[in-house]
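# Observations on the three-dimensional arrangement
Letter by letter, the chains look like this.
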Amino acid sequence: MIKKKQSKPELLASYSLQAVLVITLIIALWKQEWIWVIGCFIAVFIGFIPSLIHKDVNILLPWQIQLLIATVAILNMAGVLLDAYYTIPGFGEITQFFTSVLFAFLAFAIIYILHVYWDGLIMDEYAMAFVVVIGTMAAGVILEFLKWFKLFGATQTSVEGVLTSLFISTISGILIAFIGVGLIKSGELDEITEDLGKQF
């Protein structure tokens, strides 16, 4: 099998994600945040499995999703490990926005792939957009639940903070819904999800 040559954006996104994981691992070791250490070690190990077993794994996430994952990872790393949530005004809201955008984009891509490559799901783009918005809002509620009980990320202690975060999640879902519909109509979403969709 001829291995597809990666473009510059794909290489940049891939190396950015690996670099973020390694940097997070180093900072987590320094801060003695052992849950983060274990999580980063597992992620880095999974990323290097193909090299360790000398095999090409033909399942690659679209570079846009890899770049979003790297962005969300570095924001959460800075927020939790470097206390940016408490020292930089608005940092939590920025992280919430990018986390919600990542979830919405992943959801839209998965739904679209299932629609195109699996006979069990048939949806038009507007139904997909609706599901993505509702799903992103629901994910925002779950995230706020985790933060309220101090299970993940910045601690949420006020009703105003919860409402602000839920509003940001909703706006993120609506934004990606509009972008997703536009990508479908232009045919660009086919190009973005083609390699991953062929694995089905």
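Before reading further, recall that the structure is shown in the block above.
My aim in this report is to walk through the structure given alongside it, one point at a time. Just so you know, these numbers come straight off a predicted model, no measurement behind them. (Residues numbered from 1 in each chain as written. Predicted model: local features only at pLDDT ≥ 70, side-chain atom pairs only at ≥ 80, totals over all residues. Heavy atoms only, no water.)

Another point: the overall build of the protein. Secondary structure summary: the protein contains 8 helices and 0 strands in total. Across the protein, helices and strands are ordered from the amino to the carboxyl terminus as α-α-α-α-α-α-α-α. In the protein, which comprises 200 residues, the share counted as buried stands at 36%. Residue pairs in contact within the protein that sit at least 24 positions apart in sequence constitute 67% of those at least 6 positions apart. Of the roughly 12300 Å² that the protein leaves accessible, carbon and sulfur atoms contribute 71%. (Helix = DSSP H or I, 4+ residues; strand = E, 2+ residues; numbered from the N terminus. Buried < 20%, exposed > 50% of the residue type's maximum accessible area, 1.4 Å probe, protein only. Contact = heavy atoms within 4.5 Å. Areas by Shrake-Rupley, 256 points an atom, 1.4 Å probe, with all protein chains shown as cover.)

Looking now at the side chain of S172. Within the secondary structure layout, S172 lies in helix α7 (residues 159–186). Exposure remark for S172: the relative accessible area of 0% places this residue in the buried category. If near-sequence neighbours (up to four positions away) are discounted, S172 is found in contact with F97, S100, V101 and A104.

The next thing to look at is unusual backbone geometry. Although it is not a glycine, D83 sits at a positive phi angle of roughly 60°. Here D83 lies in the loop between α3 (63–81) and α4 (84–87). By relative accessible area, which is 37% here, D83 ends up partly exposed.

It is worth spelling out a nonpolar patch on the surface at this point. A contiguous nonpolar patch, built from F130, V131, I134 and M137 and spanning about 360 Å² of accessible area, is present on the exposed surface. Structurally, the position occupied by M137 is in helix α6 (residues 125–148). Accessibility expressed as a relative area gives 34% for M137, which makes it partly exposed. (Patch = residues over 30% accessible without salt bridge, like charges linked within 9 Å, V, L, I, M, F, W, Y side chains within 5 Å. Salt bridge = Lys/Arg side-chain N within 4 Å of Asp/Glu carboxyl O.)

Attention shifts here to the environment of V131. Mapped onto the elements of the fold, V131 is located in helix α6. Using a relative accessible area of 38% as the deciding quantity, one classes V131 as partly exposed. Separated by 24 residues in the primary sequence, V131 and A107 place their C-alpha atoms 8.7 Å from one another. The contacts of V131, once residues within four sequence positions are left out, are I111 and M123.

This brings us to the side chain of T95. Mapped onto the fold, T95 is located in helix α5 (residues 91–117). Excluding anything up to four places from it in sequence, T95 contacts L75, N76 and Y85.

In this section: the nonpolar core. If you look at the biggest cluster of nonpolar residues, it comprises 24 residues, and the most contacted ones within it are F105, F108, M128, V132, I184 and L189. Looking at this core, the elements with two or more residues in it are α3, α5, α6, α7 and α8 (188–197). A per-element tally of this core places α5 first, with 9 residues. Setting aside chain neighbours within four positions, we find M128 in contact with F108, I111, Y112, H115, M123 and I184. By size, the runner-up hydrophobic cluster in this structure holds 8 residues, among which are L25, I27, A28 and V37. (Core = buried A, V, L, I, M, F, W, Y, C linked by side-chain atoms within 4.5 Å.)

Looking now at α6. A rise of 1.5 Å per residue sets the reference length of α6, with its 24 residues, at 34 Å; its end C-alpha atoms lie 34 Å apart and thus fit the reference within 8%. Taken residue by residue, α6 has M128, A129, V132, V133, T136, G140, L143, E144 and K147 as its buried positions. The residue sitting at the N-terminus of α6 and contributing the capping side-chain oxygen is D124; that oxygen lies 3.1 Å from the backbone nitrogen of Y126. (Expected span 1.5 Å × (residues − 1). Polar contact = N/O pair within 3.5 Å; in protein donor to acceptor, adjacent residues only side chain to side chain.)

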